[in-house]
Amino acid sequence: MENNLPVNIREYQELAKKALPKMHFDYINGGAEDEHTLRENIAAYGRIVLRPRFLVDVSNIDMSTNLLGYDMPSPIMVAPTGAHKLANPEGEVATARAAASCNSVMVLSFSSSCKIEEVASSCNAIRFYQLYVFKNRDISETLIRRAESYGFKAIVLTVDTPVLGRREADIRNKMIVPWNENLEGLLSFDDLDTTDGSKLEKYSRETLDPSLSWKDVEWLKSISSLPILLKGIVTGEDARRAVEAGVAGVIVSNHGARQLDYAPATISALEEVVKAVAGAVPVLVDGGVRRGTDVLKALALGARAVMVGRPVLYGLAARGEAGARHVLEMLNWELEVAMALCGCRSIAGITRDRVQTEGDRI
Ligand code: FNR
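All residue numbers here refer to positions counted from 1 along the written sequence of the relevant chain. This being a predicted model, a pLDDT of at least 70 is required before a residue's local features are given, and a value of 80 or more before pairs of side-chain atoms are given or counted; all residues contribute to the totals for chains, interfaces and linings.

Trainee: I'd like a rundown of the site of the ligand, residues and numbers included.
Mentor: Throughout this description, a residue near a molecule or strand is one whose C-beta atom, derived from the backbone, lies within 6 Å of it. The ligand sits among 23 residues. The nearest are Ser109, Thr158, Gly256, Gly309 and Arg310. Side-chain classes are defined by residue name, with Ala, Val, Leu, Ile, Met, Phe, Trp, Tyr, Cys and Pro counting as nonpolar, Asp, Glu, Lys and Arg as charged, and the others, Gly among them, as polar. A class-by-class count of the residues in the shell around the ligand yields six nonpolar, 13 polar and four charged.

Quick look at the structure:
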């Protein structure tokens with residue numbers, strides 16, 4: 001197979017399906033309820049048309065950009081996704097090495113199956129730490145202190161998960177994610193009632209706090225000096241509120257369509273958020289990015305960077321660290337080609353007029 005590597009993300013998805021037990025592939029691949037938003041996250045990119053400009057010298061393409069003061073060779077980052085050991089026994093350590101070899105910023109999930117310390121020592125690239133806030137705030141604070149002391153550069157607070165979305169494949173498969181070793185000594189899992197339905201859902205009900213509110217953003221700011229990005233914003237109203245709350249960035253995300261079904265496709269919500277934020281802080285987007293052209297579309301609509309979730313897991317499941325790296329390399333290559341073919345020499349050159357959305361055509 002090594003002589004016959006996949007040439008796109010879709011082929012990695014097929015390989016991952018073959019490589020994994022059904023329960024684990026379904027967990028990675030699936031979305032909430034009717035999976036309407038899951039399909040839309042990808043389909044909405046398809047409805048945006050590119051407007052290439054020619055006779056521009058594109059012999060040198062510069063994909064470098066900057067986020068929170070850190071230089072990045074490309075605007076493609078690794079989204080926080082849980083339980084990488086389901087995809088490969090090396091888990092997040094392999095993903096972190098893959099991200100580091102491409103100098104891609106990796107956001108480590110709270111639900112990582114490897115310890116924060118192990119991941120940190122495998123990855124000398126920039127890392128952010130994604131947080132869910134526990135009912136017991138002391139546990140969250142302990143995790144933040146560990147992330148701070150191991151050199152994570154920002155906290156990504158996921159706000160779209162006050163409760164877990166209904167992922168029907170996981171309920172049917174009685175899916176349970178591996179024990180989160182980062183919680184060793186902090187939380188006991190033994191007395192959880194796991195007699196029916198999705199065990200993951202029950203575990204999450206114990207650990208997520210549905211009372212999370214804007215006051216907790218204040219709390220987070222008061223206990224950590226790391227910049228805070230809010231992940232899961234899809235409306236202009238919440239984006240404005242986030243800026244008022246003093247966050248360092250906003251991530252337009254619907255959790256890869258795993259939470260609220262019929263939430264907007266993220267690429268459709270992006271411009272509303274960008275307008276509301278009005279340049280005050282960077283706006284990132286994730287969900288449905290499968291091509292370099294998708295990255296270019298997101299940047300043209302105002303995103304500073306994009307994150308990819310499932311594609312990295314497909315690569316990891318199919319070929320371990322080498323697969324995750326190849327997925328990131330392929331997306332970067334595709335972006336480079338897309339920029340050249342659209343006449344964009346630099347990230348700043350990817351302007352709004354390079355895309356035509358459905359709204360533009362009305
Ligand atoms: C996720 N996502 C996620 N988000 C988060 O903030 N914390 C988490 O622990 C997880 N876990 C997780 C597991 C799996 C298997 C998936 C697929 C996704 C959401 C993730 O960060 C991101 O928003 C989406 O994956 C982006 O969509 P694509 O790129 O998967 O289409």
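Trainee: So what's going on with the UniProt feature "binding site: glyoxylate" (unreviewed entry) in the chain? Which residues, and what values?
Mentor: The positions that UniProt labels "binding site: glyoxylate" (unreviewed entry) are, in the present scheme, Tyr27, Tyr132, Arg167 and His255. Whether a residue is buried, exposed or partly exposed follows from its count of other C-beta atoms within 10 Å of its own C-beta, namely 20 or more, 12 or fewer, or something in between, respectively; the C-beta atoms are built from the backbone. Tyr132 sits in the buried class, given 21 other C-beta atoms within 10 Å. By definition, residues are in contact whenever their C-beta atoms, placed on the basis of the backbone, come within 7 Å of each other. Setting aside anything within four residues of it in sequence, one finds Arg167 in contact with Gly30, Gly31, Ala32 and Arg258. UniProt positions are given in the numbering used here, feature names are shortened, and annotations may be inferred rather than shown by experiment.

Trainee: Let's hear about the nonpolar core: which residues, and what values?
Mentor: Structurally, a nonpolar core is described as a collection of buried Ala, Val, Leu, Ile, Met, Phe, Trp, Tyr and Cys residues joined by way of C-beta atoms within 7 Å. With 106 residues, the main nonpolar core has Val250, Val252, Val273 and Val306 as its most contacted residues. Counting residues per element, this core draws most heavily on helix H13 (residues 310-342), which supplies 15 residues. The residues contacting Val252, other than those within four sequence positions of it, are Ile233, Val234, Thr266, Ala269, Leu270, Val273, Val283, Leu284 and Val285. A run of H or I in DSSP becomes a helix once it reaches four residues, and a run of E becomes a strand once it reaches two; helices and strands are each numbered from the N terminus.

Trainee: Kindly report on the packing of helix H12 (residues 292-300) against H13, identifying the contributing residues and their values.
Mentor: Axis definition: a line fitted to C-alpha atoms, limited for helices to the stretch in contact. Angles are taken between N-to-C directions and run from 0 to 180 degrees. Running from N to C, H12 and H13 point in directions that differ by 60°, and their axes come no closer than 7 Å. With respect to their mutual orientation, H12 and H13 come out oblique. Note on packing geometry: the crossing formed by H12 with H13 is right-handed. Judged by residue contacts, Gly292, Thr293, Val295 and Leu296 of H12 engage Leu331, Glu334, Leu335, Val337, Ala338, Met339 and Cys342 from H13. Taken together, the residues of the contact of H12 with H13 sort by class into eight nonpolar, two polar and one charged. Angle categories are assigned with fixed cut-offs, so that under 35 degrees is roughly parallel, over 145 is roughly antiparallel, 65 to 115 is roughly perpendicular, and the rest are oblique. The handedness criterion is simple: a crossing whose near helix is rotated anticlockwise from the far helix by less than a right angle is left-handed, and one whose near helix is rotated clockwise is right-handed.

Trainee: Give a detailed account of H13, specifying residues and quantitative values.
Mentor: Between its terminal C-alpha atoms H13 stretches only 27 Å, short of the 48 Å expected from 33 residues at 1.5 Å a residue. For H13, the principal kink sits at Arg319 and spans about 145°. Summarising burial for H13: 24 of the 33 residues are buried, a large majority. Once H13 ends, the next one or two residues include Gly343, with phi positive near 75°. The length a helix should cover is 1.5 Å for every residue beyond the first. To get the bend at any residue, fit one axis to the seven residues that end at it and another to the seven that begin at it, then take the angle between the two axes.

Trainee: Could you give an account of the pairing of strand E11 (residues 305-308), naming the residues involved and the relevant values?
Mentor: For a regular strand, side chains alternate in direction, first toward one face of the sheet and then toward the other. Here E11 shows no split at all, with Ala305 and Met307 on one side and Val306 and Val308 on the other all buried. Where strand E4 (residues 76-78) and E11 come together, three bridges link them in parallel fashion. Within E11, the position partnered with Met77 by the bridge is Met307. In this description, strands pair whenever DSSP reports at least two bridges between them. Relative to E11, strand E10 (residues 283-286) runs parallel, the two being bridged by three bridges. Bridge pairing in E11 links Asp286 to Met307. A crossover counts as right-handed when, viewed with the strands pointing away from the observer, the path leading from the first strand over the helix to the second turns clockwise. The parallel pair E10 and E11 is bridged by H12, and the resulting crossover is right-handed.

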